[in-house]
Amino acid sequence: VVAPVGQGRTYLRSSTDNPAKIKIDEACATFLAGHSSISLGMFADILVENKFHAGDLMPVTNSVVRGKFRVAAPSWVRPERALLFLNGTLVAVEPIHHADKKPTDVQIEFTIPAPKHDAYLVCIALGDSVTEPFWPMDEEQTLAAINPVFLDADNDGVYRSPRETAKAILARTGKSFDSQWDVLDKTEDDGIATQLLSLIFHDADALTKKEWRVRLQKSAGARPAFGNFLQLAGSADA
């Protein structure tokens with residue numbers, strides 16, 4: 001395996017730029033808090049609403065969420081595109097402009113509608129593999145990714161995962177097929193919708209699952225997440 005030392009890295013936020021002054025306790029706390037990013041040839045950082053970084057809990061106070069995704073890379077790495085995910089669903093793709101044989105250091109600005117429920121925001125940068133002999137790779141691409149920024153949609157000071165949100169929605173929903181389908185159909189967040197289906201299928205008998213499969217198949221054209229769930233559910237049943 002071709003893997004030169006230093007290709008894969010984890011970057012931590014720090015109060016100092018001097019390696020000799022890094023405090024071990026601070027580094028450990030930063031790592032546990034998620035104030036970090038991973039790198040394979042590139043460096044990535046994020047700033048949301050001019051204040052919040054990876055690992056932070058951000059109250060949602062506007063109808064949109066604005067952020068800046070920084071991507072930096074040496075001259076031998078070619079960043080190509082930035083991907084923005086909300087609760088695991090791809091919501092935006094932006095090109096990364098770079099000059100040949102020159103370092104890259106750009107900021108990609110984004111604006112997305114504010115989520116109705118708590119959500120996690122992740123940005124990833126992807127680029128070409130490096131085949132030059134001074135930095136050869138077995139991997140098919142270079143990349144950088146940040147840890148999530150957690151969006152507190154209801155401003156209660158607590159982040160709830162898509163699974164937790166789905167459980168709360170089902171707890172106040174009737175157990176009939178029609179009532180559960182209605183709430184699922186109105187749940188626009190595919191991450192939460194997938195968790196709703198997972199919980200519903202976990203408690204459903206074989207006949208009810210069959211009914212759900214028929215309805216989901218009919219709707220999969222408009223909601224690809226439903227088709228993806230059916231594939232995964234089929235693999236789990238096999």
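Residues numbered from 1 in each chain as written. Predicted model: local features only at pLDDT ≥ 70, side-chain atom pairs only at ≥ 80, totals over all residues. Heavy atoms only, no water.

**Q** Explain the environment of leucine 90 to me, please; I cannot follow it from the model alone.
**A** Mapped onto the secondary structure, leucine 90 falls in strand 7 (residues 89-95). Between the C-alpha atoms of leucine 90 and valine 122, which are 32 residues apart in sequence, the distance is 9.4 Å. Non-local contacts of leucine 90, meaning those with residues more than four positions away in its chain, are made with Leu83, Leu84 and Phe85. (Helix = DSSP H or I, 4+ residues; strand = E, 2+ residues; numbered from the N terminus. Contact = heavy atoms within 4.5 Å.)

**Q** What is the right way to read the sheet that holds strand 8 (residues 104-113) from this model?
**A** Two pairing modes exist for strands in a sheet, parallel and antiparallel, and in both the strands are linked by backbone hydrogen bonds. Spatially, the 3 strands line up as an open sheet ordered 3-5-8, and their pairing is antiparallel. Both outer strands of the open sheet, strand 3 (43-48) and strand 8, are each paired with one neighbouring strand and no more. Put simply, the sheet's adjacent strands are angled 20 degrees from each other on average, direction ignored. (Pairing = 2+ DSSP bridges. Axes fitted to C-alpha atoms, helices over the stretch in contact; angles between N-to-C directions.)

**Q** Just checking my understanding: could you explain the packing of aromatic side chains for this structure?
**A** Each aromatic ring pair is specified by the distance between its two centres and by the angle formed by the two planes. One pass over the structure, following the stated rule, counts 7 aromatic pairs. Seen in terms of ring centroids, tryptophan 181 and tryptophan 212 are 5.8 Å apart; in terms of plane orientation they differ by 50 degrees. Their pairing is tilted. In this pair, tryptophan 181 is assigned in helix 3 (residues 177-186) and tryptophan 212 in helix 5 (residues 206-219), connecting sequence segments 31 residues apart. With respect to burial, tryptophan 181 and tryptophan 212 carry one shared label: buried. Site record: aromatic cluster; members linked through ring pairs are Phe177, Trp181, Trp212 and Phe226. In this arrangement the basic side chain of arginine 215 is found over the ring face of tryptophan 181, its NZ or CZ atom lying 5.0 Å from the centre. (Phe/Tyr/Trp six-rings, centres within 6.5 Å; stacked < 30°, edge-to-face > 60°. Buried < 20%, exposed > 50% of the residue type's maximum accessible area, 1.4 Å probe, protein only. Lys NZ or Arg CZ within 6 Å of the ring centre and 35° of its normal.)

**Q** Explanation requested: the nonpolar core in the structure shown.
**A** Looking at soluble globular proteins, one finds that nonpolar side chains tend to be buried together. Within the largest apolar cluster, 32 residues are counted, with the highest numbers of intra-cluster contacts made by Ile46, Val48, Met58, Phe69, Leu121 and Val149. Mapped onto this core, the elements with two or more residues apiece are strand 3, strand 5 (64-73), strand 6 (79-86), strand 8, strand 9 (119-128), strand 10 (141-146) and strand 11 (149-152). Aside from chain neighbours lying at most four places away, what touches phenylalanine 69 is Ala44, Asp45, Ala82, Val106, Gln107, Ile108, Phe110, Cys123, Ile124, Ala125 and Ile146. By size, the runner-up hydrophobic cluster in this structure holds 20 residues, among which are Leu184, Leu197, Ile200 and Trp212. (Core = buried A, V, L, I, M, F, W, Y, C linked by side-chain atoms within 4.5 Å.)

**Q** I keep staring at the pattern of salt bridges and nothing clicks. Help me out?
**A** In a structure, side chains of opposite charge can pair up when their charged atoms sit close to one another. On inspection of all chains with the given rule, the structure shows 8 salt bridges. Between aspartate 105 and arginine 70 there is a salt bridge, and its shortest N-O distance comes to 2.9 Å. One end of the pair, aspartate 105, is in strand 8; the other, arginine 70, is in strand 5, and 35 residues separate them in sequence. Two residues, arginine 160 and aspartate 154, come together in a salt bridge whose shortest N-O distance is 3.9 Å. The exposure class of arginine 160 is partly exposed, given its relative accessible area of 32%. What makes aspartate 154 partly exposed here is its relative accessible area of 46%. Overlapping salt bridges, with partners in common, bring together Asp154, Asp156 and Arg160 in one network. (Salt bridge = Lys/Arg side-chain N within 4 Å of Asp/Glu carboxyl O.)

**Q** How should the side chain of threonine 173 be read in this particular structure?
**A** Topologically, threonine 173 is positioned in the loop between helix 2 (162-171) and helix 3. What makes threonine 173 buried here is its relative accessible area of 16%. At a separation of 2.6 Å, a polar atom in the side chain of threonine 173 contacts the main-chain carbonyl oxygen of isoleucine 169. (Polar contact = N/O pair within 3.5 Å; in protein donor to acceptor, adjacent residues only side chain to side chain.)

**Q** For this particular structure, what's the right way to read unusual backbone geometry?
**A** Residues apart from glycine generally show negative phi values, whereas peptide bonds are mostly found in trans. Located in the positive-phi region is glutamate 49, a residue other than glycine, with phi close to 50 degrees. Considering the arrangement of structural elements, one finds glutamate 49 in the loop between strand 3 and strand 4 (57-59). Given a relative accessible area of 27%, glutamate 49 falls into the partly exposed group. We note that asparagine 155 has phi near 55 degrees; this positive angle belongs to a residue other than glycine. Its place among the elements puts asparagine 155 in the loop between strand 11 and helix 2. The class for asparagine 155 is partly exposed, based on a relative accessible area of 40%.

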